[in-house]
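Take a look at the letters that make up each chain.
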Amino acid sequence: MPRYEYRCRTCASTFELARPMAQSSAPAVCPDGHEDTVKLLSTVAVGGTTSAPAAASSGGCCGGGCCG
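Residues numbered from 1 in each chain as written. Predicted model: local features only at pLDDT ≥ 70, side-chain atom pairs only at ≥ 80, totals over all residues. Heavy atoms only, no water.

### Considering the side chain of Arg19
Then comes step 1: Residue position: Arg19 is located in the loop between strand 2 (14–18) and strand 3 (37–39).
Then comes step 2: Notably, Arg19 is buried but unbridged: the nearest opposite-charge side chain belongs to Glu35, and the N-O separation is 12 Å.
Then comes step 3: A polar side-chain atom of Arg19 sits 3.1 Å from the main-chain carbonyl oxygen of Ala26.
Then comes step 4: Sequence-distant contacts of Arg19, defined by excluding residues within four places in its chain, comprise Met1, Pro2, Tyr4, Tyr6, Ser24, Ala26, Pro27 and Ala28. (Helix = DSSP H or I, 4+ residues; strand = E, 2+ residues; numbered from the N terminus. Buried < 20%, exposed > 50% of the residue type's maximum accessible area, 1.4 Å probe, protein only. Lys, Arg positive; Asp, Glu negative; His and termini not counted. Salt bridge = Lys/Arg side-chain N within 4 Å of Asp/Glu carboxyl O. Polar contact = N/O pair within 3.5 Å; in protein donor to acceptor, adjacent residues only side chain to side chain. Contact = heavy atoms within 4.5 Å.)

The following block contains the structure:
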């Protein structure tokens, strides 16, 4: 089950919850009982690149020469 990170706007604590993807945007209550929380972006989602990988832009695994 995926883990999602949330931050409490009331006490500024950060916490994780394991929940199904379908419930990732559902309201979450912080461990201190506050309900004003926000879901944080994961480092995986934030760490992406904007350019295409070299293999994809050159036509294949070795520039297209080995794929016939």
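### Details of the packing of aromatic side chains
Remark: the centre distance and the inter-plane angle together describe each pair of aromatic rings, the angle taken between the planes.
Then comes step 1: Scanning all chains against the criterion turns up one aromatic pair.
Then comes step 2: Ring geometry for Tyr6 versus Phe15: centroids 5.8 Å apart, planes at 20°, classification stacked.
Then comes step 3: For Phe15, a relative accessible area of 9% translates into the label buried. (Phe/Tyr/Trp six-rings, centres within 6.5 Å; stacked < 30°, edge-to-face > 60°.)

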